[in-house]
Amino acid sequence: MVRFILSRVGQTLAVLFTVSVIIFALMRMIPGDPVLMRLGDDFTQEAYTRLRHELGFDRSIVTQYLIWIRSVLAGDLGDSFLNQERVSTLVLDAFVPTLTLVVASVIVGILIAVPSGIVAAIRKDSAWDYGSMGFAIFVYSMPAFWKGIILIWIFSVYLGWFPAMGYVAPWADLSQSLWRLVLPAVTLGTFFSGLVARIIRSSLLEVLDQDYVKAARARGVRRAALVYKHALANALIPVVTVIGLQFGTLLGGAVLTETVFAIPGMGRLSVSAILNRDYSVVQGTILVGVFAVVVVNLLVDLLYAFLNPRIRVA
Amino acid sequence: MAEPLSADDRPLTAGDPGAGAAGAEVPAAARGGLRRGWRRFRRNPGAVFGLAVFLVIVAMAVLAPVLAPYDPIAQGVGKPFERPSTAHWAGTDSFGRDIMSRIIYGARVALVVGIVAVLLAMIIGVTLGLISGYYGGIVDTVIMRIMDGLFAFPIIILAIAMMAVMGFGVRNVIVAVAVGFIAPFARVTRGDVLAVKEEPYIEAARLAGVGSLAIIFRHVLPNVLAPIIVQGALRVSGAIITESGLSFLGLGPPPPTPAWGRMIAEGQSFIVMAPHVSTIPGIALMLAIVALNLLGDGVRDTLDPRMRR
Amino acid sequence: MIGSDPVLDVRKLIVEFSSEDGPVRAVDEVSFQVRRGEIVGLVGESGAGKSLTSEALLGLIRRPPGRVAGEVWFGGRDLLTLDEAALSRIRGKDIAMIFQNPTASLNPVFRVGDQMLEAMSLHLPEPRRVLRERVIETLGRVGISSPRARARDYPHQFSGGMAQRVMIGMGISCVPSLLIADEPTTALDVTIQAQVLALIRRLARELGVAVLLVSHDLGIISQMCHRVLVMYAGRVVEDATVGALFRAPAHPYTRGLIECLPRLEGDGRLGAIGGMMPGLRSLPPGCRFHPRCPVAEPRCRVDAPLLRSIAADREVACHLAETS
C-alpha cells in the first residue's frame, strides 16, 4: 500500500511537471511581444531593453521556466492585464463556484446513475434495461449547454420553479444557493449519470458472473444479499476510479454550463480573458484547472487503493 | 466453422486465446470478414440508425448549396423571429436569416471539424503510439509522459488554451480539437502494440532481417488497426461536441459562418419569445451526436468480438 | 458404513440451452444415486457435462438461457420443483458445494472469517457471538494454523490449498448430508491435492457425508470413489463400482481413458484417444462416441445405445458391451 501511494504520488508530480511545461510553452507561443504590449505607447529602445531584462525575457528559456514555476509555486500567478488585480485572487474566486457546481453535479449524477445502473443489470435485456440505458445514452449525448437552455425554458420560464441564472455560495445562504444550483447541477449531473449508469451496469454484470457470486449462492446466500452486498461491494470499486477520471470532463462541462447559467466561475473568467487578450488570466485559469484535475485523480486513486483489499493489505 | 458450445455455462468468449488472436490470421479474416462484418453490423438497429443519420448529415454537408432553400448568411430573407412555417421550415433568427439553411450549412462545419480533427489526431497519435510501443525505453517514457500531461487537460480547456494561442478561424478550431484527442489514440495504440510486439510472427520478421520501420507499418499496424478505427468512430462525436462547445462560447468559426453551437448561443437570450432559434439547431446537434455515438458503438461491437479482445 | 437408501436420487436429468441452431442438450438424461457415506465419482473430459450436472442439482444454472428437466430427489423432495427461497435454505446447509478455483470462490473484498460467519448465521440458529467462535474452531479443524488471525485475512492472502480448506470448512460447518465437489483439486499442487482429498474422504467415512466428486482425473477417481459414472458428450456411458470399472472397463471410451493413464509398468507408451469430443451442436448420429471408437460397428453409426445393465451394479451404454 505504501509503495502504491508513493508511486502514484511520484506519477502525479511527473504529470504536474509536464502540464506546467505544456502550459508554459503554450503561453510562450502566443504571437506578439509581451514586452512591447506592456510598454504600449511609452516605447523607447531604452525602456524596452530595461523592461525586457526586468521581466527576465533575455534569459534562456529554461531559466525563464524555472523563474516562472518558482513564482507559481509561491502562489504568484501574475497580474491581470486588464485590471491589475492579482490573477491568483481572480482565479481562486472563480474556482469556488465551479467546484461547487461540479460537486453538486456529481451528487445528482450518482443519485440517478446508481439505481438505474443496478436495475438495468439485474433486469438485463428487459424493458427496464433498455429503458434506463436508452435514457442514459440520450442524456449523455445531449450537449450540456443546450440541455441547460432547454431546462431553463421549461423549468424557469414556463413553469417558474427555479431561477434561470445566478449563483450564491452555499455558506452565504444555503437555501438560496441550492435553489439556484438545481438546474445547473441537473444539467451537468444528468450528463454525468448517463456515463456512470452504463459503467455501473457493465461492472455489475461482470461481477455477477464471477465464481464467488456463484459460490455464495451455493452457500445459500439469498438473492438480495447476493446483489446488494456481495456483488455491489465489488462492482462499485472500479466505478470510483471512473468517477475520478471524469472529473476533467466534468470541469470542461462546467465551463460550458456556467456560461448558460451566468455562474461566475472559471468558464466565464477564461473566455472573457481570451476575448480580452488577458493572457495571464488565461494561463492562471488553465493552470489551476488542470492541477485540480490531476490532484483529484490522485485522490481518487488513493481512495481506490484504500477500498480494494488486494492493495490495502498486500 | 461453428464454435462448439462448451458444456460449461459460459459460451466461448472472444477472450479465449483460440479465437483468432494469431495476427497472421487477422488480415485474412479482415478480407473475407468485410461482408460478414457488414451483416453483423446490419443486425444492430441502433448502429444502422446511426449510420443512416450520419449519411443524411454528410449529404447535407456535401449538397448544402443545393439543399439549402436560402443563403445562410443573408439577413432579412424573412421577418426576424418567424416561427417555423412552410416558407421557413425552422423559422428565422434575430437577423431574419433562415435557420434551416444555417443548419444545413452548419453541418459542414461540424463534419469537417469533427472528421478532420479526429483524422489528424489519429495520424499523430497512432504514429506516436507505434513508436513509443515498439521502441520502448527512454523514447517510450518521454512520449508517454507528454501524453500523460496532455491527457490531464479536459478537452474543452485544452481547446480554449489552443484558441488563445492561435486565434480564431476554422483551421485553428480543427487543430485545437485535434490536440485534445492525440493522447487517447497514442495510449490505445501503444497498449496494443505492446501486446502485438510479443507475438511470434514479429519475432520471426525481425530474425528474417526485416527493418524496424517495415515491421511497424507492415506487420504491427494492421493488427492494431481495428481498435484504432473503433476509437476513431467513437471520438468523432466527441470532436463535434467540443467544436460546438467552442462555438457556443464564441471561440469557434467567426460569424457569419453558421455553426450549430453559436446558433444555440445566439438564441439563448430570446428563449422566451422565440424558442425555436435555440431549440431546433440543438435538436440537429443532438441527433448528430446520438447517431455518431450509436454508429461508434455499432462499429465497436462489429469489429471487437472478431479480433482479439 | 454406506447406507442403503440414497441420499441423492437423480432421475433423467436434462440441461438444455437454446442456441441459434435450436435447443442444445448439454446434459442428456443423466441418472444416478449417491448413498450415505458413499463417494460417487463423475468423470469425463472437459465439456462432457459434468460441471453442469453438479450445478443443476442445486439450481445454480441460470434459466433462461438454460432449461432444466428431470427429477432430483433429496430429503423427500424434488429439488427441481423448489423455488429460489426454498433452495437457498438447503444450499450450504443440507447440500454443500465446493468448486474448482477456491480463491476465486471467495469474495475478494470481505474477510474470510466474515464470509464463513455469514454462511453459518444463514443456517444455524445460534447467535453471532457463538458462531464467531465456531468459525475459528472450524478453520482449525480443517487444518488452518492460527485460525483466529487467519479469519481476519482476505482471500488473496490464502494459497489455493488453504482456500480450498476454507471452502470445505464452510461446506461442512452446517453438517450437510451431501457434499458436491466440482474438480476440487484441479487448481492445486499435488501435495496439497492429497491433503484436500484426505479431508474429503474423512468426511465420508467419519461423518457419513454423501459425496459427489466431479473430476476429469481418473487417478483421483480411483483413489477416492466407491462408484464411478463415466460421462461423454452429455450422456452417461458407464456406471460401475470403482473396482469393476478399472478391472474390466466395459465401454470403449472408458477403456481408452484408462489406457491414457501413465503407468509405471508396460512399454512406456502413453495411450491416447484420437479425435476430440464433439461439440454439442455437431453431434454424430447413432452412438456419440463411434467416430473415435476403435471397435465401432456399422450399427453404432445408426443406433444410439441405451444405458443397460450388463451385470449386478453395472450399466453400460454400448452395443458391443452387451454381447461380450
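Since the model is a prediction, treat every value here as computed from it, not as a measurement.

Engineer: Tell me about the side chain of Arg314(C), residues and numbers included.
Structural biologist: Residues and elements named next belong to chain C. As for its placement among the helices and strands, arginine 314 is situated in strand S12 (residues 314-316). Among the polar contacts made by the side chain of arginine 314, one reaches the side chain of glutamate 238 at a distance of 2.7 Å. In this structure arginine 314 touches Glu238, Asp239, Ala240, Ala244, Leu245, Ala248, Pro249, Ala250, Arg308 and Ser309, once residues within four positions along its chain are discounted.

Engineer: How would you summarise the pairing of strand S11 (residues 308-311) of chain C if you had to cite specific residues and measurements?
Structural biologist: Residues and elements named next belong to chain C. Sheet topology places S11 next to S12; 3 bridges connect them, and they run antiparallel. Considered in S12, the bridge of serine 309 is made with glutamate 315. In this antiparallel pair of consecutive strands, S11 and S12, the connection spans 2 residues, and aspartate 313 shows a positive phi of 65 degrees.

Engineer: Give a description of the interface of chain A and chain B that names residues and reports values.
Structural biologist: Opposite the 42 residues of chain A that make contact, chain B presents 38 residues. Of the roughly 3,600 Å² buried between chain A and chain B on both sides combined, carbon and sulfur atoms contribute 82%. Connecting chain A to chain B are 1 salt bridge. Counting every contact that joins chain A to chain B gives 4 residue pairs in polar contact (both at pLDDT 80 or more). Where the side of chain A that touches chain B is concerned, the elements lending two or more residues are helix H1 (2-28), helix H6 (127-141), helix H7 (144-158), helix H11 (247-261), helix H12 (266-275) and helix H13 (279-307) of chain A. For the side of chain A that touches chain B, a count of residues per class yields 34 nonpolar, 6 polar and 2 charged.

Engineer: Now, about the domain arrangement of chain A: what can you tell me, with residues and values included?
Structural biologist: The accessible area lost on association of the parts is a frequent measure of interface size. Residue and element names in this part refer to chain A. The assigned domain composition of chain A is domain 1 (2-87) and domain 2 (88-313). Relative to domain 2, the C-alpha centre of domain 1 lies at a distance of 33 Å. Tallying the contact residues gives 23 residues for domain 1 and 25 residues for domain 2. Overall, the association of domain 1 and domain 2 removes approximately 2,300 Å² of surface from exposure, summing both partners, and the carbon and sulfur fraction of that is 74%. A per-residue breakdown of the area domain 1 buries against domain 2 is headed by Phe4, Leu77 and Val87, which together make up 24% of the total. As a salt-bridge pair, aspartate 301 and arginine 8 come within 2.4 Å of each other at their nearest N and O atoms. Joining domain 1 to domain 2, the criterion identifies 4 residue pairs in polar contact (both at pLDDT 80 or more). For the side of domain 1 that touches domain 2, the elements supplying multiple residues, two or more each, are H1 and helix H4 (61-73).

Engineer: Run through H12(A), naming residues and quoting values.
Structural biologist: Within H12(A), 7 of the 10 residues are buried, which leaves it mostly tucked inside the rest of the structure. Along H12(A), the positions that sit buried rather than exposed are Met266(A), Gly267(A), Leu269(A), Ser270(A), Val271(A), Ala273(A) and Ile274(A). Along its buried surface, H12(A) packs onto helix H5 (87-122), H11 and H13 of chain A together with helix H6 (155-166) and helix H9 (212-249) of chain B. Among the residues trailing H12(A), Arg277(A) stands out with phi positive, at a value near 55 degrees.

Engineer: Quick rundown of the pattern of salt bridges? Include the residues and the values.
Structural biologist: Tallied over the full model, the rule gives 32 salt bridges over all chains. Between Glu118(C) and Lys229(A) there is a salt bridge; the shortest N-O distance is 3.0 Å. Separated into two different chains, Glu118(C) in helix H3 (residues 112-123) and Lys229(A) in helix H10 (residues 223-245) make up a pair that spans both. Taking relative accessible area as the criterion, Lys229(A) reaches 36% and is therefore assigned partly exposed. The partner of Arg235(C) in a salt bridge is Asp28(C), and the shortest N-O contact between them spans 3.2 Å. On the criterion of sequence distance, the pair formed by Arg235(C) in strand S10 (residues 235-241) and Asp28(C) in strand S2 (residues 22-35) is long-range, its members being 207 residues apart. Through salt bridges with shared partners, one network takes in Glu16(C), Arg25(C), Asp28(C), Arg67(C), Arg235(C) and Arg288(C).

Engineer: Lay out the sheet that holds strand S8 (residues 210-215) of chain C in plain terms, naming residues and giving numbers.
Structural biologist: All names here are of chain C. One open sheet accounts for 8 strands, arranged S6-S7-S8-S3-S9-S10-S12-S11; its pairing is mixed. If you trace the sheet from one side to the other, it starts and ends with strand S6 (95-98) and S11, each paired once. Strand-to-strand twist in this sheet, taken as the mean axis angle between neighbours without regard to direction, amounts to 20 degrees. In terms of strand pairing, strand S3 (residues 39-43) meets S8 through 5 bridges, oriented parallel. Bridge pairing in S8 places glycine 41 opposite leucine 213.

Cut-offs and rules
The residue count restarts for each chain, going from 1 along the sequence in the order it is written. Chain letters and ligand numbers both follow the written order, the letters beginning at A and the numbers at 1. Predicted model: local features are reported for residues with pLDDT of at least 70 only, side-chain atom pairs are reported and counted for 80 or more only, and whole-chain, interface and lining totals are derived from all residues. Remark: hydrogens and water are excluded; side-chain values derive from all non-hydrogen atoms of the structure. In this text, helices come from DSSP runs of H or I with a minimum length of four residues, and strands from runs of E with a minimum of two, each type numbered from the N-terminal end. Polar contacts, as used here, are pairs of N or O atoms within 3.5 Å; protein pairs need one atom able to donate a hydrogen and one able to accept it. Residues neighboring in sequence count only if both atoms are side-chain atoms. Only heavy atoms matter for contacts: two residues are in contact if any of them lie within 4.5 Å across the pair. Whether two strands pair comes down to DSSP finding at least two bridges between them. What gets called buried area is simply the loss in accessible area from a 1.4 Å probe that two parts show on being joined, summed for both. A pair is scored as a salt bridge if a Lys or Arg side-chain nitrogen falls within 4 Å of a carboxyl oxygen belonging to Asp or Glu. Gly counts as polar in this scheme, as do all residues outside two lists: the nonpolar Ala, Val, Leu, Ile, Met, Phe, Trp, Tyr, Cys and Pro, and the charged Asp, Glu, Lys and Arg. Domain start and stop points were drawn from an automatic or database domain assignment. Residue burial is assigned from relative accessible area. The probe radius is 1.4 Å, only protein chains are included, and a residue is buried under 20% of its type maximum, exposed over 50%, and partly exposed in between. With axes taken as lines fitted to C-alpha atoms, and helix axes fitted only over the stretch in contact, angles between N-to-C directions fall between 0 and 180 degrees.

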